[in-house]
Amino acid sequence: MDLKAYVQRWEEQDSPYGRHLEYFFTASPENAATWPAKDEADIDCKWFFERAKIRIPSAWGGYHFCTDFKSEERRPGEFVVFCEAPFIRQ
């Protein structure tokens, strides 16, 4: 069963392979990063998160690439981005 997870933040990290972005997710929309408009969130879904090839440890074993990012309104003027994937419950 896939869990809905919201993008919480992202950070640039150093690794032996060079710099990359590390993504963090939360189960709560209240702790998620926000966008001021739906069209901005939708653009980032398509052009930022979908293209990032975000890989997570899968609850089913191995790894899963997150896809099909969507946005939703958390409250007026605040939109959050999420995807559904086999996240490991913490």
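Everything below is about the structure printed above this text.
Since we're looking at a predicted model, the values are computed, not measured.

Student: How should helix 1 (residues 38-49) be read in this particular structure?
Tutor: For the α-helix, the turn length of 3.6 residues means that residues three or four positions removed from each other point alike. For helix 1, the complete set of buried residues consists of A41, C45 and F49. Seen end-on, helix 1 carries its buried residues on one side only, within an arc spanning 50°. Along helix 1, exposed side chains directed more than 90 degrees from the buried face belong to D39 and K46. Buried residues belonging to helix 1 abut strand 1 (3-15), strand 2 (18-26), strand 5 (70-75) and strand 6 (78-85).

Student: Sorry if this is basic, but what is going on with the pairing of strand 1 here?
Tutor: Where a strand is regular, its side chains alternate between the two sheet faces. As paired elements, strand 1 and strand 6 share 4 bridges and run antiparallel to each other. When the bridges of strand 6 are listed, Y6 appears paired with F82. Examined bridge by bridge, strand 1 and strand 2 share 9 bridges and lie antiparallel to one another. Bridging across to strand 2, S15 finds its partner in G18. Linking two consecutive strands that pair antiparallel, namely strand 1 and strand 2, is a turn of 2 residues.

Student: Is there a simple way to explain unusual backbone geometry in this structure?
Tutor: Negative phi characterises most residues that are not glycine, and trans characterises most peptide bonds. Non-glycine residue K53 carries a positive phi angle of around 50°. Considering the arrangement of structural elements, one finds K53 in the loop between helix 1 and strand 3 (55-57). At D68, a residue that is not glycine, the phi angle is positive and equals roughly 60°. Relative to the helices and strands, D68 is located in the loop between strand 4 (63-65) and strand 5.

Cut-off values and rules
- Residues numbered from 1 in each chain as written.
- Predicted model: local features only at pLDDT ≥ 70, side-chain atom pairs only at ≥ 80, totals over all residues.
- Heavy atoms only, no water.
- Buried < 20%, exposed > 50% of the residue type's maximum accessible area, 1.4 Å probe, protein only.
- Helix = DSSP H or I, 4+ residues; strand = E, 2+ residues; numbered from the N terminus.
- Arc of directions from axis to C-beta.
- Contact = heavy atoms within 4.5 Å.
- Pairing = 2+ DSSP bridges.

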